[in-house]
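A look at the structure
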Amino acid sequence: MSTKLKFTSLLLSAALVCGAVPAYAAEKAAPKPLSQTFDQMVIIPYDYHGKAFVNGEKTNLYGDYDIVQRSGRVMVPIRLMGTLASQFRSQGSWQTIWEAQNPDDVTFVNYGLKKTIKFKVNSTTMLVNNESKKMDVAPQKIGGRVVLPLRSAAEALGKNIQWLDGLIVMGDEVVDEKSAETLAVKDRILTQLKDTRKPVADEKILTPITKYGDALYYYKQIYQSSGTLERLYRKADGKKEVQVDIPGEPALHSGKVIGHDLYIASTVNNQGVLYAMDLTNNKVRKVSSLTDWKPSDGWLQSVSMIDNELYVNLHSGDLTMGSETLYRVLNGALKEVTGAKSMIGPVKSGDFLYHADFNIMGKTVDNLNRVNLKTGDFKAIGQDDFVYAINRKQHDGGGTSYGVNDAIYVKGGFVYVLGYKDSDPKDEGSVYKVNPSDQTQVKLTPAAGPFWMVDNQIYYVDGATGYLAKTDVNGAQPKTLISRKVLNTQLLNGSLYYTSNAAGSSSDPGVLYQYDLSSGKETQRSDKPVSSYYIGKTGIYYLSEGYDPGIYKIDAKGNTRLVSDLIQTAKLTDEGLVYTLTYKEGVYSVK
């Protein structure tokens, strides 16, 4: 007699994702406490309520699937594997091959790993790269679907599975089930996964914008048959929310806060208008008309104050085919400064404005530009075969990815920017010192990721190792500062902040560190894995999505947990963090 278990599709994904370490190798590895392997595992409870831990983060899962037990084995719907395995860190995606003329045969292929696994209904033999492997239980057809034994599938794909007192734990590592450290976190993990609450429904989600004084500002989406409207609200401490009237149809999702002004693009009588609301008194003023552009044409990319002048970047079209135009606001009107497919920068120095163009769909080279703000003269200042302010990464499994590196510095008449030689496929990008006058340049670093310029020093993440390093403005005296991968790095108040984790993955939680530039000293700042962090006037905050989720603040006393629940969104303001909760309606703040 079969017992039905309701698990989500993620259980299948987790069990079937390919790992670099085969099962027999994992079994020989020394077991580790669950607290040490937590951020590398997928954990789901027997008593499933739509929640799991994936690589250290509590995750809400959707799309339930029936998983059955037969002969003491958990049986997984095999047809889900190929499409769901990509949710996890792996060495490539799996493709599922099933043909109607052979309904009992299912094949899984990972071309990156050059691995093929074949299953047959009612056969206890599976073929792994055409080598026969025995299974305790054969794949079966249940309810018209092919299912296979979870453990056998996981072992074929290099994953270890353990059943730990109400938890299914899956990954490359073997957990020491009797370790005191494992026992200390096991119940906390189980408590989080037994949570039966459902996430706030989409139509009830509030989106925080900022906090000023004791008032929170946020917007609601109003769904109508003709489209979606956005409405601004204000809620002061201990008072009811009040709708704030913005003329026309405001696009609040692209609103920008500068100082005590909230800038909002709106459509009034089918014309685009830029408004600013003074947060000190909630008065709205018209800043400028937006020429022939309106929010439905794209979005307000940025509003910035440069040398006490207001600049507005308007994006037209979509991400693929769209473009951007930068304007300066003069006497209540827009004056066009420059344009780009996707603008990187701008940076002002003297009478000149410098920027790069991210135009990966068209001409990529010679994309570093300078505009004379007095005369309007435009000049490309880089070299013909170079691409600037963009990272290029060649992947071992094939393919190339590109990413914006928005660091552009101007000092002593030189421009410091990342660049790579387009005709050299192995060149991924280094920091260059560019002379705008004659377009000569000097390479200052090896392959680099993000970089920062402080005084006469250039700090950068080494592209090959991921380590933190530095050199001077002439490329002399290079030095490695931190000999491990630094991730999600930010320069703030004379220090570099970054996370670090065993996986070396910027998308996974990591411990937060601070490197003080003046002293050269590194300090660990968080005592829990950090999903995201925020540093502002009121302090250092971070979000944790592990088995002790919530908002933490770092101060001289250490790490203080301010909020004990899963956070949906958070935004840093001068008044602290404004946030929403995953399972509770409303907008909240903490200082």
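Residues numbered from 1 in each chain as written. Predicted model: local features only at pLDDT ≥ 70, side-chain atom pairs only at ≥ 80, totals over all residues. Heavy atoms only, no water.

Before going further, it helps to spend a moment on the sheet that holds strand E53 (residues 576-581). Across the sheet, which stays open at both edges, the three strands sit in the order E52-E53-E54 with antiparallel pairing between neighbours. The strands lining the two open edges of the sheet, one partner per strand, are strand E52 (567-573) and strand E54 (588-590). Neighbour to neighbour, the strand axes of the sheet diverge by 30° on average, direction disregarded. Summarising the sheet, E53 and E54 pair through three bridges and their orientation is antiparallel. Along E54, the bridge assignment pairs Tyr579 with Tyr588. (Pairing = 2+ DSSP bridges. Helix = DSSP H or I, 4+ residues; strand = E, 2+ residues; numbered from the N terminus. Axes fitted to C-alpha atoms, helices over the stretch in contact; angles between N-to-C directions.)

Here we take up the packing of aromatic side chains. Per the counting criterion, the structure on display carries eleven aromatic pairs. With centroids separated by 6.1 Å and ring planes inclined at 25°, the aromatic side chains of Phe386 and Tyr388 adopt a geometry described as stacked. The side chain of Arg484 reaches across the aromatic face of Tyr513, ending 4.2 Å from its centre. (Phe/Tyr/Trp six-rings, centres within 6.5 Å; stacked < 30°, edge-to-face > 60°. Lys NZ or Arg CZ within 6 Å of the ring centre and 35° of its normal.)

This paragraph deals with the pattern of salt bridges. Evaluation of the coordinates by the stated rule reveals 24 salt bridges. For the salt bridge of Lys141 with Asp104, the shortest nitrogen-to-oxygen distance reads 3.3 Å. Separated by 37 residues along the polypeptide, Lys141 in strand E12 (residues 140-142) and Asp104 in strand E8 (residues 102-110) bring together distant segments of the chain. Here Lys141 falls in the partly exposed class, since its relative accessible area comes to 43%. In this structure, the salt-bridge partner of Lys186 is Asp187, at a minimum N-O distance of 2.9 Å. Given a relative accessible area of 7%, Lys186 falls into the buried group. (Salt bridge = Lys/Arg side-chain N within 4 Å of Asp/Glu carboxyl O. Buried < 20%, exposed > 50% of the residue type's maximum accessible area, 1.4 Å probe, protein only.)

This part is about the nonpolar core. Nonpolar side chains in soluble globular proteins tend to be buried together. Counting residues in hydrophobic clusters, the biggest one holds 18 residues, and the most contacted among them are Ile344, Leu368, Val415, Val417 and Val434. Those elements giving two or more residues to this core turn out to be strand E30 (352-357), strand E33 (386-388), strand E37 (414-421) and strand E38 (430-434). (Core = buried A, V, L, I, M, F, W, Y, C linked by side-chain atoms within 4.5 Å.)

Here we come to the environment of Gly449. Mapped onto the elements of the fold, Gly449 is located in strand E40 (residues 448-454). As for Gly449 and Ser483, which are separated by 34 residues in sequence, their C-alpha atoms are 15 Å apart. With sequence-adjacent residues up to four places away left out, Gly449 is seen in contact with Asn391, Asn405, Leu418, Val461 and Gly463. (Contact = heavy atoms within 4.5 Å.)

Our focus in this paragraph is the confidence of the model for the protein. For the protein, per-residue confidence averages 88 on the pLDDT scale, and 91% of positions sit at 70 or higher. Low pLDDT (under 50) marks residues 80-88, which in the prediction has 27 contacts with non-local residues, meaning those over four places away or in another chain. (pLDDT = per-residue confidence, 0-100.)

As a further point, take the sheet that holds strand E15 (residues 167-171). Strand order in the open sheet formed by five strands is E4-E3-E2-E15-E14, and the pairing between neighbours is antiparallel. Of all strands in the sheet, those bounded by a partner on one side alone are strand E4 (57-60) and strand E14 (160-164). With strand direction ignored, the average angle separating the axes of adjacent strands in the sheet is 25°. Those strands touched by helix H6 (residues 180-193) are strand E2 (42-45), strand E3 (51-54), E4, E14 and E15, and its axis lies near 135° from that of E3.

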